[in-house]
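Given next are the chains, with one letter for each unit.
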Amino acid sequence: MTESPQSTRRVSQDEETIEPVVTLAFARVHKAAFGIATGAAGAVLIGWLTLSVLILPGARDFPLDLMNEYFFGYEVTWRGILIGMLWGGLVGFVAGWFAAFARNFSLATMAFFIRTRAEMAQTRDFLDHI
C-alpha cells in the first residue's frame, strides 16, 4: 500500500527541531509521581523547619506551634518532627496530585477546543463545493 503524493506532507527543518520540544511541553504529568515528589518535599520542609526551631536559639521565636491547629498531634518536639513529616507528606501528596490533575485537565480541554475550532475552520466552506 503506497501513499499518494497528496497525503504526504513535507516537514521543514524547523518543524523537526520544534516538534519534540512542543511534545514534551504538552506531555501529561503523572499524577502519582508528582504527588509523591511534592509530598516528599513537604515532609522534608516540615521536618527541617521543626528541627531548626529545636536546634537554633534564634528560631525559637518562630510561631511554628500554630501548625498544631492544622496538623493533629503536631508539636515542636523531637516526636513532632515525625508527626509533622507525616502530615507534610500527606498534604504535599494531595496538593501535588491535584495540581497535576488540574494541569492535565486544562491542557486536554484547551487542546479539544483548539482542535474543534481548526476542524470547523476547515469544513466551513464544505457546502459551497456541492
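Preceding block: the structure.
Predicted, not measured: the structure shown is a model, and the values here were computed from it.

Q: How do you make sense of the overall build of the protein chain when you look at a structure like this?
A: Along the protein chain, the regular secondary structure elements total three helices and zero strands. For the protein chain, the sequential pattern of α-helices and β-strands runs α-α-α. Computed over C-alpha atoms, the radius of gyration of the protein chain comes to 26 Å, more than 25% over the 14 Å expected from 2.2 N^0.38 for 130 residues, which places it beyond the range of a compact globule. Sorting the 130 residues of the protein chain into buried and exposed places 20% on the buried side. Within the protein chain, counting contacts between residues at least 6 apart in sequence, those at least 24 apart form 65% of the total. For the protein chain, the exposed surface amounts to about 10,600 Å²; the carbon and sulfur share of it is 69%.

Q: Got a minute to help me understand the environment of Ala59 in this structure?
A: Looking at the element boundaries, Ala59 is found in the loop between α2 (31-55) and α3 (78-122). Judged by its relative accessible area of 19%, Ala59 falls in the buried class. Separated by 30 residues in the primary sequence, Ala59 and Gly89 have C-alpha atoms spaced 23 Å apart. Residues in contact with Ala59, not counting those within four places in the same chain, are Ser52 and Val53.

Q: Looking at this model, I keep getting lost on the packing of aromatic side chains. Mind explaining?
A: Aromatic ring pairs are reported here in terms of the distance separating the ring centres and the angle at which the planes meet. With the rule as written, the count across this model stands at five aromatic pairs. Centroid distance Phe112 to Phe113: 5.5 Å. Interplanar angle 65 degrees. Geometry classified as edge-to-face. For Phe112, a relative accessible area of 48% puts it in the partly exposed group.

Scoring rules and cut-offs
- Residues numbered from 1 in each chain as written.
- Predicted model: local features only at pLDDT ≥ 70, side-chain atom pairs only at ≥ 80, totals over all residues.
- Heavy atoms only, no water.
- Helix = DSSP H or I, 4+ residues; strand = E, 2+ residues; numbered from the N terminus.
- Rg over C-alpha atoms; globule rule 2.2 N^0.38 Å.
- Buried < 20%, exposed > 50% of the residue type's maximum accessible area, 1.4 Å probe, protein only.
- Contact = heavy atoms within 4.5 Å.
- Areas by Shrake-Rupley, 256 points an atom, 1.4 Å probe, with all protein chains shown as cover.
- Phe/Tyr/Trp six-rings, centres within 6.5 Å; stacked < 30°, edge-to-face > 60°.

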